[in-house]
Amino acid sequence: MRVGLGFDVHPFADDDRPLVLGGVTFEGERGLAGHSDADAIAHAVTDALLGAAGLGDIGEHFPDTDERWRGANSMRLLAAAVAMLADAGWSVTNVDCTVVLEQPKLAPRRAAVQDFLSEVVGAPVTVKGKRAEGLGALGRGEGVACWAIALVDR
Ligand code: MG
């Protein structure tokens, strides 16, 4: 068994792109800036899984300098990482995430986010929302950060 830790952060965008977290579009909410769809939860989970399996990181496999990943659906990148783990003989036991965000509230979409992530990962993925209590950039609501920890087995 091995564990992996993933982290990601994206600032909110100035243009009107959609907010996507864990593959779920949060209708009517301000989106995050990034080369792909800026799905901070999907990116943190991808890095946790790759790290657990010793398979590098998301930037190595899906570089933000590559035009193929512009506007990419990050759940597809996550699915590709899960396939890499399977090819290397790893199965995922579970993943747990903490998302730090002031707005919007995660709770109403939490079940949908967990269900979609669990489906793509093929194992239970749990997500907890947390506020930064006004401290720093996250506390000022300037972006969204996510930590994820994964347990894998072979
Ligand atoms: Mg990212």
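Note that this is a predicted model, so its numbers are computed, not measured.

**Quick notes on the overall build of the protein chain**
Then, number 1: Each helix and strand counted, the protein chain has five helices and six strands in total.
Then, number 2: Overall, the protein chain shows an N-to-C arrangement of helices and strands of β-β-β-α-α-α-β-α-β-α-β.
Then, number 3: Taken over C-alpha atoms, the radius of gyration comes to 15 Å for the protein chain, in line with the 15 Å a tight globule of 154 residues would show.
Then, number 4: Principal-axis analysis of the C-alpha atoms places the extent of the protein chain at approximately 40 × 30 × 25 Å.
Then, number 5: Within the span of the protein chain, comprising 154 residues, buried residues form 47% of the whole.
Then, number 6: Looking at the protein chain alone, contacts between residues at least 24 apart form 73% of all its contacts between residues at least 6 apart.
Then, number 7: On the protein chain, roughly 7,500 Å² of surface is accessible, and the fraction owed to carbon and sulfur atoms is 52%.
Then, number 8: In the protein chain, 14 side chains carry a positive charge and 22 a negative one; their mean positions are 5 Å apart.

**A few points about the side chain of Asp 37**
Then, number 1: Mapping Asp 37 onto the fold places it in the loop between strand S3 (24–30) and helix H1 (40–53).
Then, number 2: We note that Asp 37 is buried and unpaired, the nearest opposite charge coming from Arg 17 at a distance of 6.9 Å.
Then, number 3: Polar side-chain contacts of Asp 37 include one of 2.5 Å to the side chain of Ser 74.

Conventions and cut-offs
Residues numbered from 1 in each chain as written. Predicted model: local features only at pLDDT ≥ 70, side-chain atom pairs only at ≥ 80, totals over all residues. Heavy atoms only, no water. Helix = DSSP H or I, 4+ residues; strand = E, 2+ residues; numbered from the N terminus. Rg over C-alpha atoms; globule rule 2.2 N^0.38 Å. Buried < 20%, exposed > 50% of the residue type's maximum accessible area, 1.4 Å probe, protein only. Contact = heavy atoms within 4.5 Å. Areas by Shrake-Rupley, 256 points an atom, 1.4 Å probe, with all protein chains shown as cover. Lys, Arg positive; Asp, Glu negative; His and termini not counted. Charge placed at Lys NZ, Arg CZ, Asp CG, Glu CD. Salt bridge = Lys/Arg side-chain N within 4 Å of Asp/Glu carboxyl O. Polar contact = N/O pair within 3.5 Å; in protein donor to acceptor, adjacent residues only side chain to side chain.

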